[in-house]
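Letter by letter, the chains look like this.
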There are 2 protein chains.
Amino acid sequence: MKLSKFNRYVVLGLAISYVGIAPVSSAYAGQLLSKNTQQLVEHPNLVNTFEDVMAMREAIKVSGRFQTEFLNKQARLDKAIEQPLNVPYPKDAGGGYTHEVHKNNYRLMYDAGILYQITQDPKYANYVKDVLFEYAKLYPTLSLHPEVKSSNPGQLFWQGLNEAVWLVHTIQAYDAVLPHLSESERETIEKGVLEPVALFLSEESPQTFNKVHNHGTWATCAVGMTGYVLDKPEWVEKALYGLDKSGTGGFMRQLDELFSPNGYYNEGPYYQRYALMPFVTFAKAIENNQPERKIFEYRDQVLLKAINTTAQLSYNGLFFPINDAIKDKGIDTIELVHGIAIAYGITGETGLLDIAKQQGRVILTGDGLQVAKALDKGQETDYQFKTQAFGDGASGNEGAFVVLRSDSSKKASVVTFKATSQGLGHGHFDKMGLSFYDNGAEILTDYGAARFLNVVAKFGGRYLPENDSYAQQTVAHNTLVVDETSHFDGITEVGNQHHPKLELFANDKQVKLASASIDTAYQGVGLTRTTALVAVPEENIDWVIDIFAAQSKTQHQYDLPFHYSGHFIEANFDYQAHAESLNALGTKSGYQHLWLTAQAQPSDEQQIRKITWLNDNGRFYSLNAVNSPNLEVLFTRAGANDPNFNLREDKAFILRAKGQTDYQFVSLLEAHGEYNPSKEYTLKSKSSIKSLSYEQQGAVHMVYVERDDNSQFVIAYHNQSGQSQSFVVDGHTYALNQTVKLFKLAKK
Amino acid sequence: MKLSKFNRYVVLGLAISYVGIAPVSSAYAGQLLSKNTQQLVEHPNLVNTFEDVMAMREAIKVSGRFQTEFLNKQARLDKAIEQPLNVPYPKDAGGGYTHEVHKNNYRLMYDAGILYQITQDPKYANYVKDVLFEYAKLYPTLSLHPEVKSSNPGQLFWQGLNEAVWLVHTIQAYDAVLPHLSESERETIEKGVLEPVALFLSEESPQTFNKVHNHGTWATCAVGMTGYVLDKPEWVEKALYGLDKSGTGGFMRQLDELFSPNGYYNEGPYYQRYALMPFVTFAKAIENNQPERKIFEYRDQVLLKAINTTAQLSYNGLFFPINDAIKDKGIDTIELVHGIAIAYGITGETGLLDIAKQQGRVILTGDGLQVAKALDKGQETDYQFKTQAFGDGASGNEGAFVVLRSDSSKKASVVTFKATSQGLGHGHFDKMGLSFYDNGAEILTDYGAARFLNVVAKFGGRYLPENDSYAQQTVAHNTLVVDETSHFDGITEVGNQHHPKLELFANDKQVKLASASIDTAYQGVGLTRTTALVAVPEENIDWVIDIFAAQSKTQHQYDLPFHYSGHFIEANFDYQAHAESLNALGTKSGYQHLWLTAQAQPSDEQQIRKITWLNDNGRFYSLNAVNSPNLEVLFTRAGANDPNFNLREDKAFILRAKGQTDYQFVSLLEAHGEYNPSKEYTLKSKSSIKSLSYEQQGAVHMVYVERDDNSQFVIAYHNQSGQSQSFVVDGHTYALNQTVKLFKLAKK
């Protein structure tokens, strides 16, 4: 049994030589007697252990990924630490000068700490010491940051969040160089800055520290790790169980509530990867200091699931951009580099190495070394992307984020179905929103966040006003808008109280299907959406089936937008282009930001209304929507009422039905053909769908598809689990012995 | 001395065993006595020689690029030739069904021919024979294609151009399988289809065959190669010197006129790579049959220069998209794969292997084998991209296409300056247009062609109406528009008669500069543009200096558009956004296709007007334009009056000055900073240019630049070649001993 180090050194105390104060250079440089107690505390003792350090010292002597990363890091750091120290008085908001300087300082200190441990070169330890001396002078002079705006204020930074991140890095740097410091140097630093920051983040910021939210996790991680290093078990306890140690707040509560049982984070993948960092960092520190807590076993290994889920929630290297998400973020984000390394260190799963390889960088930690060595040996195996319903909420029953994948590869066809809860303040009003990815690209798109991260000219680099007025609104998503009003009237607090119900989830070989419903997004209107990803057998073709039903006793206008990426090719119906002047589509709920570029009036000329576009990935996509006498089609482009040109000019088709009570949108998105201007050929630029319909026979739902070559298909499903069902087409009876199945009928 | 094969086999005739009719399998399978004469003709004897075939037969036994390509090709072909033969009656235009089938047939025959030679497996020869038997039945029944539209009609295809391409491939396939065919089979094929097609392309299409144009080159290549294979020296002579053999038409005349002395093709790189194919193919056949013609030596190696120039006219793998160009086309185009292979076969230049490696494919020819072997051995060296003025016109003195490069790498900063002649019917009205490329991306953009190649729904895959009404018009380019009218009133025939004069070209280490002028683009308005690419020493910064002067005695409106790729970030002046409704900027000359999205009235608040945008490449770009009391700024986006949504919605800033006689636009485009949302940092998002001005002191032109850090620069140049000049700033005299030089002055 592995003992807690807190306990271990009490036991082993006398067997270890006391090294005393720095500078030292023996192999035991990392160990010293804590100054505050008679316990021995080992340094480093957070993410890296002394054993890790010894292994890294060997690894840099051998060529390979780890050595390369080390040499690169050292070259960059050596250049950086030659610059004059720069610890300016805090002044600027995110992206501003002092903000970036303080961020840079903690990164440099962190790197210098690790390099000190690996190289034992005192210049790195002295650098950390010198910088921290400056902070020890500065910090006591500070009060609240002049640019404070959020509910989580800081002193060094405009947000306490950044302050916590600063301490998470800085305490690791301090931990690494501590053996090099004299007692008085340690006292200067600890009393001058480390303790004050930790106290600011905990006792003086209880609203954040006790909050079950990622800001709280950064704070508890920072304070808890500081507790380990400064040997303040009380701080560790508060970090784990809240300021009152009752467990109503703190890291363990965050672990209980912020992730669902299968590791889905309430705010979605963009914030999941950010939240992940303090979770895995603090957990690793807990594991190294108090293995008896079995933190990685906690809640059926929820942390490992969270790491894996973060990777699962990506397509072709980028995270699904639901909610407030910067769309460029992907699996190579440093947080997930740490996460994957830690997970690999624990599980040894070789699929994780595939992700690590795509990340293209390794980190200078003990786990990073294991990853680097395994990659050097080519031990990676394909990471298995899965069709999965990620239950939302602490118990996993507050809706779900559903990912339907045609296969396990990273460029497969993928439907995401956002039947999740609101996702707090960064959540979008997009209940049961749909996205589609194919052939490496996003096809039915999510706007993500309206933000230019850290670009001062763009609203200080913060979320833009258009994030509220457009990006979060329902019409900016591929889901139903009733009466030009967003879900929950666009009020986050209301949204937080409700979530859709996942009615059905089926993972058949040829059909992946999910169905969900919600009756709280709009008063008096029930919404049910069923979506399926269908792989046509023996053909390299994928269909997305989409059935969106609204039930109401009163009349409404129903709008179903399909935001798409690509160039419009053709429609099979007449439309009136607004060729000479453009106006905004509406006045509120995001509609004021959409230019109406064309529209088609209701017409019964076609059984299906068909719109084709061409994505930059070289494939054609056709939306086939069952026509009805009431169905209008609007063509839009974002950018209206946007005087600062903050929005991307994304395009959409909106299916609209006015004055309806119960209504159903039935559509099929077909991926087809290839446009290859480089090799000068074009294949199957025409959609092959001739006819589409939906009906119910008893408990069986049936989607009927006919193609131009007269081939016929039925996608049939039901939700009477365990019961066998049947349906009839053209006098033939077909048995349905599973939840969902694709039937290829005889040609007409 | 290497003898012509025409002559060689007369000499060697009796020494070679007569093999007679197929099937045969000896090492001499490739040689047989011509049926028409007593000369011996060797087969294959076009691009591949029998020696090439012997080498390829050995090469497929060894693992490497060539074997891989062979196995891939064989696997695809084996699958394809199992399908039923399909030689439909011609019906469809480009992109349509029968068009694509006939294209596919010649590709399959070509591949089968090569595979027959390499494997000696008769199934490949039989496939070619069977297909040609079908064509021999079909072709005599044809008259002009039902979809004929161009001045170059076809029978199998809507354009004679495609028919020539068909024969270029088919004659090579026939040449390859000829040894396998009986005399009667040969007669069926030759009389049924090969001779009729060759006659159709020559005697029956004199207007194309004799034309000095790439359509003519395809025709002469097809007919000339058919002459070699069918042993009709008369056809070869006509191909080389025109139907009347006078030399006023034909391949040699095309070689004289279509390329400039340094290998620039009048229509620009997109058509250059297309035109290249018949040039290098026929030339290679000439070289193999009649080496005494020294075709690759002709005109100071103009063909090799043309191949090299095609590669030079690219950025990050894609061709500069001037004139009618599909922007996805790049150096991996099959025509340049052939071109590079042939050039490498002749010169052995290892820089060409760098291009070949980027092309990512090798071809199954003798030269392709040499490339594959060299790449297998890693013999490639960096291809040297050059700063160069490519003189236009047969004598190289009809203007020039100027490429200024910061260094020789493929992602360097590059300015292109289109001071060329019109470029015939595919030419755009963009005299002295500018483009800028940086960090792998196109920054100041050229629309290219408005066309979706072979996408039937988009105007049959042909050039769209908007190609004429927008893409070719002056306002769609980064050059000056006078009075909202295109150069030469938008009349190609007028444009063809004029060209700018290249006044100055200088390639200094820090400054690459070109200047050109034209006084025929507009009546009574002289235009002079000087542009320079400046590398600021010891800083990783590039500037584009641009001075555009108009001289006129009467008042005009001058518009200078800068089409850009990226997201608008900020301007340093007030502008009125058209946030609630949009209208077209004008009514003609392309202006009807521009939405006016914002505008700024003249104002003297700033010494420079500054506009910053962010490209997807992660870098910021700031256009700094010297302000004047009359300078307006318009923001536009393409897409107005485009009811079928044929245009991309590209964006531009237009600098406008109304009611001016002589006027000068002086600007500096600065590339700066980095936006990295993945790693969450943003650097230098603000432009650093504080002040900009231009003046003349005697013969010296001076551009003065001051930055926010008070650093000062002067770019000085003159065109008094050989003379030393000087200029004065702040009382200091500076000597200018070269054409252009960057001076870094003392800080202010």
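Quick caveat, the model's predicted, so the values are computed rather than measured.

Looking at the relation of the copies chain A and chain B
In step 1: Relative to chain B, chain A is turned by 180° and slid 0.0 Å along the rotation axis, the superposed coordinates differing by an RMSD of 0.1 Å. Between the two chains, the operation in question is that of a two-fold axis. Across chain A, the rotation axis passes nearest the C-alpha of Leu582(A), at a separation of 2.4 Å.
In step 2: Both copies contact each other with a shared surface, as 100% of the interface residues of chain A are interface residues in chain B too.

Points about unusual backbone geometry
All names here are of chain B.
In step 1: The backbone of Phe-459 shows a phi angle near 55°, a positive value even though the residue is not glycine.
In step 2: Examined against the element boundaries, Phe-459 turns out to sit in the loop between strand E9 (441-444) and helix H17 (465-471).
In step 3: With relative accessibility at 41%, the residue Phe-459 sits in the partly exposed group.
In step 4: With a phi close to 55°, Glu-484 is a non-glycine residue in the positive phi region.

Notes on the sheet that holds strand E29 (residues 712-717) of chain B
Residue and element names in this part refer to chain B.
In step 1: Ordered by their spatial adjacency, four strands build an open sheet running E27-E28-E29-E32, and the pairing between neighbours is antiparallel. Taken across any chain shown, the strands that pair with only one partner, and hence form the sheet edges, are strand E27 (689-697) and strand E32 (740-745). Taking each pair of neighbouring strands and ignoring which way they run, the sheet shows an average axis angle of 15°.
In step 2: Where strand E28 (residues 700-707) lies against E29, six bridges are found, and the strand directions are antiparallel. Bridge pairing in E29 places Met-702 opposite Ala-716.

Describing the pattern of salt bridges
In step 1: The final tally for this structure, using the stated rule, is 72 salt bridges over all chains.
In step 2: A salt bridge links Asp300(A) to Lys305(A), with the shortest nitrogen-to-oxygen separation between them at 3.1 Å.
In step 3: For Glu649(B), the salt bridge goes to Arg637(A), with nearest N and O atoms at 3.2 Å. You can see Glu649(B) sitting in the loop between strand E22 (631-638) and strand E23 (651-660) and its partner Arg637(A) sitting in strand E22 (residues 631-638), one on each of two chains.
In step 4: Owing to a relative accessible area of 4%, Arg637(A) belongs among the buried residues under this scheme.
In step 5: Through salt bridges with shared partners, a single network forms among Arg273(A), Lys329(A), Glu335(A) and Glu680(B).

Considerations on the interface of chain A and chain B
One frequent convention defines the size of an interface as the accessible area lost when the parts assemble.
In step 1: Each partner contributes residues to the interface: chain A has 57 residues there, and chain B has 58 residues.
In step 2: A per-residue breakdown of the area chain A buries against chain B is headed by His567(A), Phe645(A) and Glu680(A), which together make up 15% of the total.
In step 3: Viewed at the interface, chain B and chain A are joined by eight salt bridges.
In step 4: Residue Glu680(B) is joined to Arg273(A) by a salt bridge in which the shortest nitrogen-to-oxygen separation is 3.1 Å.
In step 5: Our count for the chain A to chain B interface comes out at 28 residue pairs in polar contact (both at pLDDT 80 or more).

Thoughts on the UniProt feature "domain: Alginate lyase" (unreviewed entry) in chain A
In step 1: Cross-referencing UniProt, the feature "domain: Alginate lyase" (unreviewed entry) maps to residues 76-312 of chain A in the present numbering.
In step 2: For residues 76-312 of chain A, the helix share is 65%, the strand share is 0%, and the end-to-end C-alpha distance is 33 Å.

With respect to the side chain of Asp354(A)
Residue and element names in this part refer to chain A.
In step 1: Within the secondary structure, Asp-354 sits in helix H15 (residues 351-359).
In step 2: It turns out Asp-354 is buried and unbridged, and the closest side chain with the opposite charge, Lys-410, is 6.9 Å from it.
In step 3: With residues near it in sequence (within four places) discarded, Asp-354 still touches Glu-380, Thr-381, Asp-382 and Tyr-383.

Notes on the packing of aromatic side chains
Two descriptors summarise a pair of aromatic rings, namely the distance from one centre to the other and the angle between the planes of the rings.
All names here are of chain B.
In step 1: The tally for this structure, following the rule as stated, stands at 70 aromatic pairs over all chains.
In step 2: Here the aromatic rings of Tyr-270 and Tyr-271 are separated by 5.1 Å at their centres, their planes lie at 85°, and the arrangement is edge-to-face. By the burial criterion, Tyr-270 is buried, and Tyr-271 matches it.
In step 3: A ring pair is formed by Trp-613 and Phe-653, whose centres lie 5.9 Å apart and whose planes are at 40°; its orientation type is tilted. With a gap of 40 residues between them, Trp-613 in strand E20 (residues 608-614) and Phe-653 in strand E23 connect regions that are remote in the sequence. Per residue, the accessibility class of Trp-613 equals that of Phe-653, and both read buried.

Observations regarding the sheet that holds strand E28 (residues 700-707) of chain A
Residues and elements named next belong to chain A.
In step 1: Taken in spatial order, the four strands line up as E27-E28-E29-E32 in an open sheet, and their pairing is antiparallel. Edge strands, defined here as strands with exactly one partner in the open sheet, are strand E27 (689-697) and strand E32 (740-745). With strand direction ignored, the average angle separating the axes of adjacent strands in the sheet is 15°.

Re the UniProt feature "domain: Heparinase II/III-like C-terminal" (unreviewed entry) in chain A
In step 1: Mapped onto the present numbering, the UniProt feature "domain: Heparinase II/III-like C-terminal" (unreviewed entry) falls on residues 393-661 of chain A.
In step 2: This span, residues 393-661 of chain A, is 4% helix and 47% strand, and a straight line between its end C-alpha atoms measures 32 Å.

A word on the pairing of E9(B)
Residue and element names in this part refer to chain B.
In step 1: Sheet topology note: the strand E8 (residues 433-438)/E9 ladder contains three bridges and is antiparallel. By the bridge assignment for E9, Tyr-437 is matched with Glu-442.
In step 2: Taking the residues that link successive antiparallel strands as the turn, the E8-E9 hairpin has two residues, and the phi of Asn-439 there is positive, at about 50°.

Regarding the domain arrangement of chain A
Residue and element names in this part refer to chain A.
In step 1: What the domain assignment lists for chain A is domain 1 (388-687) and domain 2 (692-748).
In step 2: Its C-alpha centre places domain 1 at a distance of 26 Å from the equivalent point of domain 2.
In step 3: In this assembly, 25 residues from domain 1 lie in contact with 18 residues from domain 2.
In step 4: Buried area between domain 1 and domain 2, both sides added, is near 1,700 Å², and the carbon and sulfur share of it is 74%.
In step 5: Summed over the shared surface of domain 1 and domain 2, the number is two salt bridges.
In step 6: At the boundary of domain 1 and domain 2, one finds three residue pairs in polar contact (both at pLDDT 80 or more).
In step 7: Put simply, the parts of the chain that give the side of domain 1 that touches domain 2 at least two residues each are strand E11 (501-507), strand E12 (511-522), strand E13 (525-536), strand E14 (541-552), strand E21 (620-626) and strand E24 (663-672).
In step 8: Among the residues making up the side of domain 1 that touches domain 2, the classes are represented as 16 nonpolar, seven polar and two charged.

Comments concerning helix H3 (residues 65-80) of chain B
Residue and element names in this part refer to chain B.
In step 1: An ideal rise of 1.5 Å per residue puts 22 Å on 16 residues; H3 measures up with 22 Å between its terminal C-alpha atoms.
In step 2: Within H3 the residues assigned to the buried category are Phe-66, Gln-67, Glu-69, Phe-70, Lys-73, Gln-74 and Leu-77. One side of H3 holds all its buried residues, which, seen down the axis, span an arc of 160°. Turned more than 90 degrees from where H3 packs its buried face, Arg-76 and Lys-79 sit exposed.

Looking at the packing of helix H9 (residues 214-229) of chain A against helix H10 (residues 233-241) of chain A
Geometrically, a packed helix pair is captured by the angle between its two axes and the distance between the axes.
Residue and element names in this part refer to chain A.
In step 1: Their axes nearest at 7 Å, the elements H9 and H10 cross at an angle of 155°. Here H9 lies roughly antiparallel to H10, going by the angle between them. Crossing of H9 against H10: the hand is left-handed. Where H9 abuts H10, its residues Thr-220, Val-223, Gly-224, Thr-226, Gly-227 and Tyr-228 lie against Trp-235, Val-236 and Ala-239.
In step 2: Residue composition of the contact of H9 with H10, by class: five nonpolar, four polar and no charged.

Rules used throughout
Residues numbered from 1 in each chain as written. Chains lettered and ligands numbered in written order. Predicted model: local features only at pLDDT ≥ 70, side-chain atom pairs only at ≥ 80, totals over all residues. Heavy atoms only, no water. Least-squares fit on C-alpha atoms with pLDDT ≥ 70 in both. Contact = heavy atoms within 4.5 Å. Helix = DSSP H or I, 4+ residues; strand = E, 2+ residues; numbered from the N terminus. Buried < 20%, exposed > 50% of the residue type's maximum accessible area, 1.4 Å probe, protein only. Pairing = 2+ DSSP bridges. Axes fitted to C-alpha atoms, helices over the stretch in contact; angles between N-to-C directions. Salt bridge = Lys/Arg side-chain N within 4 Å of Asp/Glu carboxyl O. Buried area = accessible area lost by both parts, 1.4 Å probe. Polar contact = N/O pair within 3.5 Å; in protein donor to acceptor, adjacent residues only side chain to side chain. UniProt positions renumbered as here; feature names shortened; annotations may be inferred. Lys, Arg positive; Asp, Glu negative; His and termini not counted. Phe/Tyr/Trp six-rings, centres within 6.5 Å; stacked < 30°, edge-to-face > 60°. Domains from an automatic or database assignment. Nonpolar A, V, L, I, M, F, W, Y, C, P; charged D, E, K, R; others polar. Expected span 1.5 Å × (residues − 1). Arc of directions from axis to C-beta. Parallel < 35°, antiparallel > 145°, perpendicular 65-115°, else oblique. Left-handed = near helix turned anticlockwise from the far one by under 90°.

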